[in-house]
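Structure assessment
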Amino acid sequence: MSNKLNHSMSLAKPDALNITTKQKIALIIGITGLFILTLALLNTSFPNKGLFLSLSLGLISIGTIVYSREAYLTKLEGIKNDGQWLKSISSRGLWGWILGIILTGFYIVLYFFEQLLGLGQGVDGANTGLISLFDPLSQLLSGRPASQWFVYGTLYTIAILAFGYKFILKYRHNKYQQLRTVSVMFFQLGFAFLIPEFMYRMNSSLPYYDLKNMWPLNYYNFEQYRVDSFINNGNIGMALLIFGVLSIFVISPFLTYKYGKRWYCSWVCGCGGLAETAGDSFRHLSSKKMSAWKLERWLIHTVLVFSVVMTTAVIYTYLGYDPDKYWLTREVFLISIGVFLTIVFAVIMIFKRQELGKDAKFGAIGYFVVIALLIAMHFTGTTDQVFFVKAGALKSAYGFYIGSIFSGVIGTGFYPILGNRAWCRFGCPMAGILGFQQRMFSKFRITTNGGQCISCGNCSNSCEMGIDVRHYAQKGENIVRSSCVGCGICSAVCPRGVLKLENDSMKGRINPTEVLLGNDVDLMELVNQK
């Protein structure tokens, strides 16, 4: 009989489940692959870099696959979230903090100290260290030496593919989860990794272009050097430039109207793909506090305004640089931006004023701030400055604080501390735009059958965006939130089938007044409306 004193009142086993022998072997295999990468980082000279790179990535993938199969295929299909809060690595314990520090350190070196990875540190600017290990693969795909971004892209893709397989096994009882996971794996491998490399091999004068990324996520897409490159490359370059514009104003709005922001955030986006696969074990760490929700709303929309103003400023400066190349003048450009924002603001205030409630005031403040900044841009702008500051400095500040620190160092490095969607929830300007449209003009909602809810809390615990799903389910209220990425995990882990992801008409989508509380609702009238 064990003498261990356990204060848990759980009827189930309160301790974290021990891993099996097979899983321990899988961990050793995976760690061996990481050890090879570590040796390369320490400038170890390998006789055949292509072979050792294949060995390293292969061992990491095999270790993850074997571990996952042992973890999930030995159990029946269904909800597999047992032990989340009992494991050190997934409950902000010691191993969680160690992993967070390692990931954060990697991102700091990647963004700011690439020479430590061996970029151009050899004879005649050749790569050494970790980056040189990836040279054979880069030469094979694009015909050029590797960079720190190629190394990152390769590891990023391997993580999504390997952990995506783990995710599919974990949620093999749910077709929606399997389909969207295969989707993000496909878009990451094809559109984000392989196609850009092949494009460079076919036409090296074209800038890197991840076809699934769009502004404002790829905030750099309309910089002068990229636009000049597109224009100088004839039809293919103009096609890519036009596609980038259509993605913003036509493709994205249409798909968001039809399916909500999930079409991008949970099916296409690379950031979301990594969060859903490699970050799945940390989804429950997302804060459900009201203070976190308030911070989320202010922070993500502040980043969005910064992104709009920064991009407008960058384009404004080079439009006056060469009038023969750019038919659009700076004045017409600013007026067009102002008119577009005014139309959007007017439509929302006319048709959606009641849904905004108190937030209408803050929306109006944001609109007038942007318009004021556009006016100031006109009076202070030159061919290289706006607001008496170089436009390049604005872009650099955005790239440093938002593109590097927020999305990389904090957004991914802090997975084991803040949860897997900290960047998507608090900082991604793309999520801000899509979320705004999802809340105002979209057919998507998560419907609830409150009569079946047993208040187990699985849904809220698993929501990576910090939404208290149970609060809605208990009342039978539809979930229509800007932050919801439509991952569907809340529905997948519900033992009673309370939650359902739906695309239906706009009418009746938001139903807070239809909650059946006492005699507040005329039941027959409600049924007839349905």
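Just so it is clear, the model here is predicted, and its values are computed rather than measured. (Residues numbered from 1 in each chain as written. Predicted model: local features only at pLDDT ≥ 70, side-chain atom pairs only at ≥ 80, totals over all residues. Heavy atoms only, no water.)

1. Some details on the domain arrangement of the protein chain
As far as domains go, the protein chain holds domain 1 (18–81 + 113–203), domain 2 (290–429) and domain 3 (441–529). Each of domain 1 and domain 2 was reduced to a C-alpha centroid, and the two centroids are 34 Å apart. (Domains from an automatic or database assignment.)

2. Here's the deal with the nonpolar core
Grouped together as the largest cluster of nonpolar side chains are 76 residues, with contacts concentrated most on Tyr264, Tyr318, Met377, Ile446, Val469 and Leu499. At 12 residues, the largest contribution of residues to this core is made by helix α12 (residues 290–319). Excluding residues that lie within four positions of it along the chain, isoleucine 446 makes contacts with Glu477, Asn478, Ile479, Cys484, Cys490, Leu499, Lys500 and Leu501. The next biggest cluster of nonpolar side chains, apart from the first, holds 33 residues, and it includes Tyr107, Leu133, Ala159 and Ala275. (Core = buried A, V, L, I, M, F, W, Y, C linked by side-chain atoms within 4.5 Å. Buried < 20%, exposed > 50% of the residue type's maximum accessible area, 1.4 Å probe, protein only. Helix = DSSP H or I, 4+ residues; strand = E, 2+ residues; numbered from the N terminus. Contact = heavy atoms within 4.5 Å.)

3. Points about a nonpolar patch on the surface
Together, Ile231, Met238, Ile242, Phe243, Val245, Leu246, Phe249, Val250, Ile251, Phe340, Val344 and Phe436 line one region of the surface with nonpolar side chains, adding up to about 930 Å² of accessible area. Counting only elements with at least two residues in the nonpolar patch, the list comes to α9 (234–259) and α13 (330–351). Mapping valine 245 onto the fold places it in helix α9. (Patch = residues over 30% accessible without salt bridge, like charges linked within 9 Å, V, L, I, M, F, W, Y side chains within 5 Å. Areas by Shrake-Rupley, 256 points an atom, 1.4 Å probe, with all protein chains shown as cover. Salt bridge = Lys/Arg side-chain N within 4 Å of Asp/Glu carboxyl O.)

4. Comments concerning the packing of aromatic side chains
For any two aromatic rings, the description comes down to two numbers: the centre-to-centre distance and the angle of the planes. Tallying each qualifying case throughout the model produces 23 aromatic pairs. Where tyrosine 219 meets tyrosine 220, the ring centres are 5.5 Å apart and the plane angle is 75 degrees; that geometry is what we call edge-to-face. With a centroid separation of 5.6 Å and an interplanar angle of 70 degrees, the aromatic rings of phenylalanine 406 and tryptophan 423 are classed as edge-to-face. Here phenylalanine 406 is found in helix α16 (residues 391–410), whereas its partner tryptophan 423 is found in helix α18 (residues 422–426), with 17 residues between them in sequence. Following the ring pairs from residue to residue traces out a cluster consisting of Phe106, Tyr107, Tyr111, Phe112, Trp149, Tyr152 and Tyr156. Across from the ring centre of tyrosine 316, 4.9 Å away, lies the NZ or CZ of arginine 330, which sits over that ring. (Phe/Tyr/Trp six-rings, centres within 6.5 Å; stacked < 30°, edge-to-face > 60°. Lys NZ or Arg CZ within 6 Å of the ring centre and 35° of its normal.)

5. So, the pairing of strand β3 (residues 444–448)
Counting buried positions along β3 gives 5 out of 5 residues, so the element sits mostly inside the fold. The two faces of β3 match: Phe444, Ile446 and Thr448 on one face and Arg445 and Thr447 on the other face are all buried. Here 5 bridges tie β3 to strand β4 (residues 499–503), and the two strands are oriented antiparallel to one another. Within β4, the position partnered with threonine 448 by the bridge is leucine 499. (Pairing = 2+ DSSP bridges.)

6. What about the packing of helix α2 (residues 49–72) against helix α6 (residues 148–170)?
The N-to-C vectors of α2 and α6 enclose an angle of 15 degrees; their axes lie 9 Å apart at closest approach. As the angle between them shows, α2 and α6 are arranged roughly parallel. Viewed along their axes, α2 and α6 form a crossing whose handedness is right-handed. Contacts from Leu57, Ser61, Thr64, Ile65, Ser68, Arg69 and Tyr72 of α2 reach α6 at Thr154, Leu155, Ile158, Ala162, Phe163, Tyr165, Lys166, Leu169 and Lys170. Within the contact of α2 with α6, the residues separate by chemical class into 9 nonpolar, 4 polar and 3 charged. (Axes fitted to C-alpha atoms, helices over the stretch in contact; angles between N-to-C directions. Parallel < 35°, antiparallel > 145°, perpendicular 65-115°, else oblique. Left-handed = near helix turned anticlockwise from the far one by under 90°. Nonpolar A, V, L, I, M, F, W, Y, C, P; charged D, E, K, R; others polar.)

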